[in-house]
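Descriptive structure summary
Listed below are the residues making up each chain.
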Amino acid sequence: MNTTLAFVSTLAATALVANAGEISGKVTLKGTPPPAQAIAAVKADANCGKFHDTDVMSRTFVVGADSGLANVVVYIKGGLEGKAFPAPVEKPLIDQKGCMYEPYVSAVMAGQTFQLQNSDPVMHNIMATPKLNKGFNFAQATPGQVNDKVFDKPELGVKLACSVHPWMVAYVSVLENPFFAVTDKDGKFVIKGELPDGKYTVEAFHQKLGAAGAVSQEIEVKGGKATAAFTLELK
Ligand SMILES: [Cu+2]
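**As for the domain arrangement of the protein**
Structurally, the protein comprises domain 1 (14-83 + 180-235) and domain 2 (86-176). With centres defined by C-alpha atoms, the gap from domain 1 to domain 2 works out at 18 Å. Between domain 1 and domain 2, the buried area comes to about 1800 Å², and carbon and sulfur atoms account for 76% of it. There are one salt bridge connecting domain 1 and domain 2. Residue Arg59 is joined to Glu102 by a salt bridge in which the shortest nitrogen-to-oxygen separation is 3.1 Å. Where domain 1 meets domain 2, there are three residue pairs in polar contact (both at pLDDT 80 or more). Secondary-structure elements contributing two or more residues to the side of domain 1 that touches domain 2 are helix H2 (40-44), strand S2 (73-78), strand S12 (180-182) and strand S14 (198-205). Looking at which element gives the most residues to the side of domain 1 that touches domain 2, the answer is S2, with three residues. Within the side of domain 1 that touches domain 2, the residues separate by chemical class into twelve nonpolar, five polar and four charged.

The structure is reproduced here in structure tokens:
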């Protein structure tokens, strides 16, 4: 083996480890949201009703263990100014299944391709109504149909809706760097990536509370790690 090459690859591996950063934590909701409600229109629909044996519940606020709030986008808002990042090559998938969007809330980087899929034997028509990005409005009539889409500009909470089924709604946040995550059912998140140690502003955004209800804080990644706890408030 070429010893020079081996030495170089060891150095490269060390550099990668040194840059790997992780911000983890939890988002808690303060206040009691209205309880989730059964969406009666799904069960009543001739085509969509047969996909569901049980009630389909609204997802405006999904609160898990110890008031952990799901579907919150947590992202680095400040501290990376002047740095450019390539958009991730992986393509997140937003599926239409049982006449519901899955996932309900997702996030992509500006310039990152994502996929819209129709898994139903039912026509859906997806309308995106962003304010800063270019919207779209097209039908997916074929089961299994997948279309690639890209939003070019950072924008929180872009709404997707189906013009055939009024209850079908999803939200996609478009971020300016690859350091973001969406909280799980118990409000937990992990942001991972090639993130150098340093001070950052991290924000937690929920589409129903809007930009005014978002909360941000300063954190410091040290030795590749940081934790952050957020409390979003219902007023
Ligand atoms: Cu639909």
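**A word on the coordination of the copper ion**
Metal coordination angles have textbook ideals: 109.5 degrees for a tetrahedral set of four donors and 90 or 180 degrees for an octahedral set of six. Note on the copper ion: its protein donors are His124 (ND1), Cys162 (SG), His165 (ND1) and Met168 (SD). The metal-donor distances range over 2.0 to 2.7 Å. Geometry at the copper ion is tetrahedral, judged from its four donor atoms and the angles of 92 to 132 degrees they form at the metal. The sequence motif formed by the donor residues of the copper ion is H-x37-C-x2-H-x2-M. Across the pair, exposure class does not vary: Cys162 and His165 are buried alike.

**Concerning the sheet that holds strand S7 (residues 124-128)**
Taken together, five strands build an open sheet; the order of strands is S5-S11-S10-S7-S8 and the sheet is mixed. In this open sheet, the two strands that pair with only one neighbour each are strand S5 (105-109) and strand S8 (136-140). Direction aside, the axes of adjacent strands within the sheet are offset by 25 degrees on average. Summarising the sheet, S7 and S8 pair through five bridges and their orientation is antiparallel. Across the sheet, residue Met127 finds its bridge partner in S8, namely Asn137.

**A few points about the sheet that holds strand S15 (residues 215-221)**
Spatially, S12-S2-S14-S15 is the arrangement adopted by the four strands of the open sheet, whose pairing is antiparallel. Each edge of the open sheet is held by one strand with a lone partner, namely S12 and S15. Pairs of neighbouring strands in the sheet enclose a mean axial angle of 30 degrees, with direction left out of account. Bridge count for S14 against S15 is seven bridges, and the pairing is antiparallel. Among the inter-strand pairings, Val202 is bridged to a residue of S15, identified as Gln217.

Cut-offs applied
- Residues numbered from 1 in each chain as written.
- Predicted model: local features only at pLDDT ≥ 70, side-chain atom pairs only at ≥ 80, totals over all residues.
- Heavy atoms only, no water.
- Domains from an automatic or database assignment.
- Buried area = accessible area lost by both parts, 1.4 Å probe.
- Salt bridge = Lys/Arg side-chain N within 4 Å of Asp/Glu carboxyl O.
- Polar contact = N/O pair within 3.5 Å; in protein donor to acceptor, adjacent residues only side chain to side chain.
- Helix = DSSP H or I, 4+ residues; strand = E, 2+ residues; numbered from the N terminus.
- Nonpolar A, V, L, I, M, F, W, Y, C, P; charged D, E, K, R; others polar.
- Donors = N, O, S within 2.8 Å, 3.2 Å for Na, K, Ca; no water.
- Tetrahedral: all angles 85-135°; square planar, octahedral: opposite > 155°, others 65-115°.
- Buried < 20%, exposed > 50% of the residue type's maximum accessible area, 1.4 Å probe, protein only.
- Pairing = 2+ DSSP bridges.
- Axes fitted to C-alpha atoms, helices over the stretch in contact; angles between N-to-C directions.

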